[in-house]
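# Secondary and tertiary structure notes
What follows is each chain in one-letter form.
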Amino acid sequence: MEEKRTKLYVFTGFLGAGKTTVLSRILQESKEEKIGVIQNEFGKLGIDGEILKHNDIQMVEINRGSIFCSCLKLQFVQALSEMAQYEFDKLFVESSGLGDPSNVEEILKASEMVSGRSYDLFRGFGKFPVTTGGFRDSSQATETLPSGGYYKNGFGV
């Protein structure tokens, strides 16, 4: 029997792009699902983590740099490995607004080697309408990008 893989959503974007706002709305509307969050702040203090703490959501905060840089990459691999043990329906990663996520595949492979579990990584852009609520995935895409990702009108992450 094939193991159930957690759906992994990595939120990236510039500082102030609305990542925390969108993620907060998704968390409010996903009360029936088992959800985890890895929150990354570039600064010393974890401000967004306080905003995102809801009910019994399991959260790991990684501060003082970008999870995609060598200074925190090992912490990110460890956090992904630890979170894999919870068998979430979805795991959301909100990166700092200063990271380059181009090495996320490498990080996921390292996490799989440590934990023995792999994630189902959402690839591309998604529509996350903040005003109307709801969460839509790539199955509702309206346009495919050359990279194989998706774009839909609305807020892209």
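Residue indices begin from 1 for each chain and proceed along its sequence in written order. Totals for whole chains, interfaces and linings use all residues, but because this is a predicted model, local features are given only for residues with pLDDT of at least 70 and pairs of side-chain atoms are given and counted only at 80 or more. To get the side-chain values, all heavy atoms of the structure are used, and hydrogens and water are removed first.

Further remarks concern the side chain of serine 118. Relative to the elements of secondary structure, serine 118 occurs in the loop between helix 4 (104-115) and strand 5 (120-121). Whether a residue is buried, partly exposed or exposed follows from its accessible area with a 1.4 Å probe, protein chains only, as a fraction of its type maximum: under 20%, in between, or over 50%, in that order. What makes serine 118 buried here is its relative accessible area of 16%. For serine 118, the contacting residues outside a window of four places in its chain are Arg5, Thr6 and Glu112. Here a strand is any run of E in DSSP of at least two residues, a helix any run of H or I of at least four, and the numbering for each starts at the N terminus. Contacts are assigned to residue pairs that have any heavy atoms within 4.5 Å of one another.

Looking now at a nonpolar patch on the surface. Each patch is built from residues lacking any salt bridge and having more than 30% relative accessible area; the joining distance is 9 Å for like charges and 5 Å for nonpolar side chains (Val, Leu, Ile, Met, Phe, Trp, Tyr). For accessible areas, the Shrake-Rupley method is used with a probe of radius 1.4 Å. Any residue's cover is judged against the shown protein chains and nothing else. Every case where a carboxyl oxygen of Asp or Glu lies within 4 Å of a side-chain nitrogen of Lys or Arg is listed as a salt bridge. The grouping of Leu15, Phe42 and Leu98 at the surface amounts to a nonpolar patch, some 320 Å² of accessible area in total. Tracing the backbone shows leucine 98 in the loop between strand 4 (90-94) and helix 4. A residue is classified by how much of its surface remains accessible, and leucine 98, at 47% relative accessible area, is partly exposed.

Pairing of aromatic side chains here covers Phe, Tyr and the six-membered ring of Trp, requires ring centres within 6.5 Å, and sorts the geometry by plane angle: under 30 degrees stacked, over 60 edge-to-face, intermediate tilted. Here the structure, examined in full by the defined rule, presents five aromatic pairs. Ring geometry for tyrosine 9 against phenylalanine 92: centres 5.3 Å apart, planes inclined by 25°, an arrangement best described as stacked. One end of the pair, tyrosine 9, is in strand 1 (residues 7-11); the other, phenylalanine 92, is in strand 4, with 83 residues separating them in the sequence. Assigned by exposure class, tyrosine 9 and phenylalanine 92 land together as buried.

What the five strands build is an open sheet, ordered 3-2-4-1-5; its pairing is parallel. Whereas interior strands pair on both sides, the edge strands pair on one side only; in this sheet they are strand 3 (58-62) and strand 5. Here a strand pair is declared whenever DSSP counts at least two bridges between the two strands. For strand 2 (residues 35-40) and strand 3, the ladder comprises five bridges, and the chain directions are parallel. Along strand 3, the bridge assignment pairs asparagine 40 with isoleucine 62. Axis geometry follows a simple rule: fit a line to the C-alpha atoms, using only the stretch in contact for helices, then measure angles between N-to-C directions, giving values from 0 to 180 degrees. In this fold helix 1 (residues 19-29) packs onto strand 1, strand 2 and strand 4, with an angle of close to 160° to the strand it touches most, strand 4.

It is at 8 Å that the axes of helix 3 (residues 70-84) and helix 4 come closest, and there the two elements cross at 50°. Comparing the axis directions of helix 3 and helix 4 gives the class oblique. Where helix 3 crosses over helix 4, the handedness of that crossing is right-handed. Only Glu106, Ile107, Leu108, Ala110, Ser111, Val114 and Ser115 of helix 4 make contact with helix 3, whose side of the interface consists of Lys73, Phe76, Val77, Leu80, Ser81 and Ala84. Throughout this entry, Asp, Glu, Lys and Arg are counted as charged residues, while Ala, Val, Leu, Ile, Met, Phe, Trp, Tyr, Cys and Pro are counted as nonpolar. The remaining residues, Gly among them, count as polar. Looking at the contact of helix 3 with helix 4 residue by residue, the classes come out as eight nonpolar, three polar and two charged. Roughly parallel refers to an angle under 35 degrees, roughly antiparallel to one over 145, roughly perpendicular to one between 65 and 115, and oblique to any angle outside these ranges. Rotating anticlockwise by less than a right angle from the far helix to the near helix defines a left-handed crossing, while the corresponding clockwise rotation defines a right-handed one.

A rise of 1.5 Å per residue sets the reference length of helix 3, with its 15 residues, at 21 Å; its end C-alpha atoms lie 21 Å apart and thus fit the reference within 8%. On the buried face of helix 3, the contacting elements are strand 1, strand 2, strand 3, strand 4 and helix 4. Here the expected length of a helix is defined as 1.5 Å per residue gap, with one fewer gap than residues.

Turning our eyes to something else, we now look at the pairing of strand 2. In summary, the side chains of a regular strand alternate between the two faces of the sheet. The buried fraction of strand 2 amounts to six of the six residues, a majority that puts the element mostly inside the structure. Every second residue of strand 2 is oriented toward a common face, with Ile35, Val37 and Gln39 on one face and Gly36, Ile38 and Asn40 on the other, all of them buried. The pairing of strand 2 with strand 4 spans five bridges and is classified as parallel. The residue bridging isoleucine 35 from the neighbouring strand is lysine 90, located in strand 4.

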